[in-house]
Amino acid sequence: MSSEGAPASNTPAWARIVIVVLLLIVFLVGIKLLGGSFKMVGKETAKSLFEGLRNPFAGLAVGILATVLVQSSSVTTAVVVGLVGGGELSVGSAVPVIMGANIGTSVTNTLVSIGHITRNAEFKRAFAGATMHDFFNLIAVAILLPVELTTGVLQRSAVALTEMFAGAGGVAFKSPIKVFIGKLAGVIVDGFEALGLEGWACAIPTLACGLLFIMAALVFITRNMRVLLAGRMERALNRALGRSGILAMGIGVLITVAVQSSSITTSLLVPLIGAGVLSLEVAFPITLGANIGTTITALLAALAADKTDGLTIALVHLLFNTAGILLLYPIPAIRRIPLRMAEFLGALAVRNRLLVVAYIGVVFVLLPLLGILLFRG
Amino acid sequence: MFKWFKPSDAGEGPARMHRELREMLAHGRHTFDAAANAFLGGADPEVVRKDIWDTDAKINELERSIRREVLVHGSVHGSSQLPVCLVLMSIVKDAERIGDYSKNLFEVAVVSPKRRGDEYFDDLVAFRTRISTAIEEASSIYASQDEDAARAFLTESGTMAKEFDRHVARLLGDEPGTDQPAPTVLCYRYYKRIVSHLSNIITSLVMPVDQLDYLDEK
């Protein structure tokens, strides 16, 4: 049983809905502040800060490590949208970071599976259940990153979709929401400027505020939504137990959209897989649904971005995860590859517990660190 | 799809599992009635055999379903729901055992049904009715969570248990009062176990989790 359940509370549902709406505003203000903070030090200076990310492998490594550190791909992708939307980071440089965030986010459920380590059969299942997500994401990146680097297909498709949406009346980019968010962010920046801060002195607290707003808002949105929808999540998971395929994937999407965190969804599955009531075959599509559902955060963040590039990178995130599923899920023989790899690793992990530490340390910390050291510009 | 995002709370899962537990008890009552009737000559064993086994299969499936739901509930809601999860895991076993003991009673009925005119016959018939009613009562008390009714139920079940023990002691003695003591002892024993499992379910309303099943030691 996961100890990180939905916290019990007597706060009425309507109050929680109001809180979530306010937190969404805080989140969007955070994105706006983040994008705006770098403008205070000049466009060229800001761009030079992200020079290192021009190497795709460095970008991938940063995406993994940043997500492992904050334990949330939503935070990483939202920050990336803020930076791309603010013009500090190009879409091309941001794509590998987004892919890295997908890999990094799977560390959470792998850590959750360690809770079963004292019971062999349970741990074997739980670890396999957690690492199938890792393997899916690693395989998807191994295929799609080279394809993207050589063809730019994801970016071009996302640009086409962005133009389609922007051309349909600029719903996202001239909306009252954006004007309202801009005004709120302006009040905070004006406050710093009123203190006589300018240039870097103003950019740093603005950036800090932006990051703090994004992280705090996402943490509390997740917490509140989890309480609000715990009963529905439970019912959905109960329905998913005996099913597989598209319905299970849909359940993964819905739960993740609701709680704004794929880690919550995938971590919920681990104890059920460990207990043996949920098979890898049924849990797998739910996990893939979580990959799709988590892209909602970046799409939301794009609402506050100055440039349409923010929406483009958010759509790249969606397209990347969709393409991964289309490549690896429909054909049963291919679908089984990440599952068999996870089962194999689970069997090895039961025989040698040190392998668990080595696996997490190498894949989620050591390799990304090496990637940053070797490939940064 | 938007309906999916309507707020819902942690009480939904336990409420559903409690309904399923009551369904188990209703099936348990059905199997008990059929088995006791077979033993007491009110039904042909071969006619009710399939019904008893099929109903017991339903009880077993409901037990497995509740266990799965308990795991999901605990995973989603975490430690705040740990007590309800532990209680449910414990009492579904009690509800499931009613079906098992009814089957045991039926097996005795197949070999050696009780004949009218036996000294114990009327007593066993009276207890059959009391136990059948007690299963329904336990289900209602559990649904209402009425602690006073729970305590009254436990007192009544304690009284019944003492009566069963008294009969068994006599049946195992030198003057059993019947030429078929073994099936009669088994019947009283199964009656007692069924009442005992009903008591275990009801103790969950008035006792701490660690004291479940140990009312007699208090």
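Next up on the list: the overall build of chain A. Regarding its fold elements, chain A presents 18 helices and zero strands. In terms of overall dimensions, chain A is globule-like: its C-alpha atoms have a radius of gyration of 21 Å, near the 21 Å expected for 377 residues. Relative to its 377 residues, chain A shows a buried fraction of 54%. The contacts in chain A between residues at least 6 apart in sequence include a share of 83% that link residues at least 24 apart.

Let's shift gears to the overall build of chain B. If you tally the helices and strands in chain B, you get six helices and zero strands. Projecting the C-alpha coordinates of chain B onto the three principal axes gives extents of approximately 70 × 40 × 20 Å. Here chain B, with 218 residues, has 43% of them falling under the buried criterion. Sequence-distant contacts, at least 24 apart, represent 79% of the contacts inside chain B between residues at least 6 apart.

As a further point, take the confidence of the model for chain B. Looking at chain B, the pLDDT average stands at 90 and 94% of residues meet or exceed 70. Interface predicted TM-score (ipTM) for the complex: 0.73; the corresponding pTM is 0.82.

Right, let's talk about the packing of helix α2 (residues 45–77) of chain B against helix α3 (residues 82–111) of chain B for a bit. A pair of packed helices can be characterised by two numbers: the angle between their axes and the separation between those axes. Residue and element names in this part refer to chain B. Running from N to C, α2 and α3 cross one another at 170 degrees; their axes reach a closest spacing of 10 Å. In this view, α2 runs roughly antiparallel relative to α3, as classed from their interaxial angle. Listed contacts from α3 to Pro45, Ile52, Asp56, Ile59, Asn60, Glu63, Ile66, Arg67, Val70, His73 and Gly74 of α2 are Leu82, Cys85, Leu88, Met89, Val92, Glu96, Gly99, Ser102, Lys103, Phe106, Ala109 and Val110.

Time to look at the environment of Leu369 of chain A. With respect to the helices and strands, the residue Leu369 of chain A is situated in helix α18 (residues 354–375). With 13 C-beta atoms counted inside 10 Å, the residue Leu369 of chain A sits in the partly exposed group.

Looking now at α2 of chain B. The end-to-end C-alpha distance of α2 of chain B is 46 Å, a good match for the 48 Å that 33 residues give at a rise of 1.5 Å each. Looking one or two places after α2 of chain B, you find Gly78 of chain B, whose phi comes out positive at around 75 degrees.

Another point: the environment of Leu124 of chain B. Residues and elements named next belong to chain B. Looking at the secondary structure, you find Leu124 in helix α4 (residues 121–144). Note on Leu124: 18 C-beta atoms within 10 Å, which makes it partly exposed. Each C-alpha atom of the pair Leu124 and Lys114 lies 9.3 Å from the other, and the pair is 10 residues apart in sequence. Dropping the residues within four chain positions of it, Leu124 is found in contact with Leu40, Lys114 and Cys187.

Moving on, we get to unusual backbone geometry. Residues other than glycine seldom take positive phi values, yet Gln260 of chain A does so here, at roughly 60 degrees. With respect to the helices and strands, the residue Gln260 of chain A is situated in the loop between α12 (246–259) and α13 (262–275). Here the phi dihedral of Gln145 of chain B falls at roughly 55 degrees; this positive angle occurs in a residue that is not glycine. Here Gln145 of chain B falls in the exposed class, since 12 other C-beta atoms lie within 10 Å of it.

Time to look at helix α1 (residues 12–39) of chain B. Across its 28 residues, α1 of chain B extends 41 Å between first and last C-alpha, which sits within 8% of the 40 Å expected from 1.5 Å per residue. Two residues or fewer after α1 of chain B comes Gly41 of chain B, characterised by a positive phi angle close to 85 degrees.

The next subject is the confidence of the model for chain A. Mean pLDDT over chain A stands at 88; residues scoring 70 or higher make up 94%. Scored below 50 in pLDDT, residues 168–172 of chain A shows five contacts in the model against residues more than four places distant or in partner chains.

Rules used in this analysis
Residues numbered from 1 in each chain as written. Chains lettered and ligands numbered in written order. Predicted model: local features only at pLDDT ≥ 70, side-chain atom pairs only at ≥ 80, totals over all residues. Helix = DSSP H or I, 4+ residues; strand = E, 2+ residues; numbered from the N terminus. Rg over C-alpha atoms; globule rule 2.2 N^0.38 Å. Buried ≥ 20, exposed ≤ 12 C-beta atoms within 10 Å, placed from the backbone. Contact = placed C-beta atoms within 7 Å. pLDDT = per-residue confidence, 0-100. Axes fitted to C-alpha atoms, helices over the stretch in contact; angles between N-to-C directions. Parallel < 35°, antiparallel > 145°, perpendicular 65-115°, else oblique. Expected span 1.5 Å × (residues − 1).

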